[in-house]
Amino acid sequence: RLKRIEDHKSITDGGMNIKIKEGASIEHCEQINIYRWLAIEKYPAIKNFDMIINYVSMGSIVSTNTIASVVAWRKSKPSDKGMSYAVKTEQNRKGQDKWLVYYNVPEVKRWSLNKIETFVREKSEIMKQAILNDVIPPFLSADKRWLCRGCQFREICWKYEGYNGETEQISEQTSEQTGII
């Protein structure tokens, strides 16, 4: 018996093209795999869950493991990596063709139950130690800093860290004291 776990994520129209071509972000894959792990614990008779992430923008909805299209204006047929096929629909005054380019949106990467459990234990231990020792957990690396924008504690961390929310600079003293994850 196969059951489905679905998660819905809001995204900008501009970000939708990235999801169509590259699939779900690692953070979203981590999250839905944790949901699957919890569901398997709660419903042991169900051995497998299909995982779908639906990305919702003002202009469209795209789901992982489906086919989705992107509009491209070009003088020649697109040949993008990961493209499934393209259909020419019209031509503008500049001689550019309007193409509907179809992509197979990648499925969510399924983690082993051991990998999920290890991930949850490691992250939980970091948070537990931070709470027990009344300290801020390690800061995110610069490439993951955008995740801080949605956190209710970001101003506290940024003040402690010497980060102003606009640059990716971290004071050397603070990063040495806390480490970066």
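As a reminder, the structure under discussion sits directly above these lines.
Conventions and cut-offs
Residues numbered from 1 in each chain as written. Predicted model: local features only at pLDDT ≥ 70, side-chain atom pairs only at ≥ 80, totals over all residues. Heavy atoms only, no water. Salt bridge = Lys/Arg side-chain N within 4 Å of Asp/Glu carboxyl O. Helix = DSSP H or I, 4+ residues; strand = E, 2+ residues; numbered from the N terminus. Buried < 20%, exposed > 50% of the residue type's maximum accessible area, 1.4 Å probe, protein only. Phe/Tyr/Trp six-rings, centres within 6.5 Å; stacked < 30°, edge-to-face > 60°. Lys NZ or Arg CZ within 6 Å of the ring centre and 35° of its normal. Axes fitted to C-alpha atoms, helices over the stretch in contact; angles between N-to-C directions. Parallel < 35°, antiparallel > 145°, perpendicular 65-115°, else oblique. Contact = heavy atoms within 4.5 Å. Nonpolar A, V, L, I, M, F, W, Y, C, P; charged D, E, K, R; others polar. Pairing = 2+ DSSP bridges. Expected span 1.5 Å × (residues − 1). Arc of directions from axis to C-beta.

Tallied over the entire structure, the rule returns six salt bridges. A salt bridge links R4 to D50; the shortest N-O distance between them is 3.5 Å. Pair noted here: R4 is in strand β1 (residues 2-10) and D50 is in strand β2 (residues 48-56), with a separation of 46 residues, a long-range link. R4 sits in the exposed class, given a relative accessible area of 52%. Here D7 and K9 are joined by a salt bridge, their closest N and O atoms 3.2 Å apart. The network of salt bridges with common partners includes R4, E6 and D50.

Attention now moves to the packing of aromatic side chains. Per the stated rule, a full pass over the model turns up two aromatic pairs. Centre to centre, the rings of Y85 and Y102 are 4.6 Å apart; their planes meet at 20 degrees, and the pair counts as stacked. Here the residue Y85 occupies a position in strand β5 (residues 83-91), and Y102 occupies one in strand β6 (residues 97-104), the gap between them amounting to 17 residues. On the numbers, 5.5 Å between centres and 75 degrees between planes, the contact of W111 with F119 is edge-to-face. Over the ring of W111 we find K115, and its NZ or CZ is 4.5 Å from the ring centre.

Viewed as axis vectors pointing N to C, helix α2 (residues 26-42) and helix α3 (residues 113-132) meet at an angle of 110 degrees, and their least axial separation amounts to 10 Å. By the angle class used here, α2 and α3 are roughly perpendicular. Contact residues: α2 offers E30, N33, I34, R36, W37 and I40, while α3 offers L113, I116, E117, F119 and V120. Partitioning the contact of α2 with α3 into residue classes produces seven nonpolar, one polar and three charged.

Remark: a regular strand shows side chains that alternate across the two faces of the sheet. Bridging between strand β4 (residues 67-74) and β6 involves eight bridges; their strand directions are antiparallel. Along β6, the bridge assignment pairs S69 with Y102. Here β5 hands over to β6 after five residues, with G95 in that stretch at a positive phi of 85 degrees.

What follows is about the sheet that holds β5. Hydrogen bonding along the main chain pairs the strands of a sheet, whether they run parallel or antiparallel. Taken in spatial order, the three strands line up as β4-β6-β5 in an open sheet, and their pairing is antiparallel. Two strands lie at the open edges of the sheet, namely β4 and β5, each paired on one side alone. Averaged over all pairs of adjacent strands, the angle between their axes in this sheet comes to 25 degrees, without regard to strand direction.

With that settled, consider α2. For α2, built from 17 residues, the straight-helix expectation of 24 Å at 1.5 Å per residue is met to within 8% by its first-to-last C-alpha distance of 24 Å. When α2 is considered as a whole, its buried residues turn out to be E27, H28, C29, E30, I32, N33, R36, W37, A39 and I40.

Another aspect to go through is α3. For α3, which comprises 20 residues, the first-to-last C-alpha distance of 28 Å matches the rise-based estimate of 28 Å (1.5 Å per residue) to within 8%. For α3, the set of buried residues is I116, F119, V120 and A130. Considered in projection along α3, the buried side chains sweep an arc of 95 degrees and stay on one side of the axis. Exposed positions of α3 whose direction lies more than 90 degrees from the buried face are N114, R121, E122 and L132. For α3, the secondary structure elements touched by its buried residues are α2. Following α3 by one or two positions, D134 adopts a phi angle in the positive range, close to 50 degrees.

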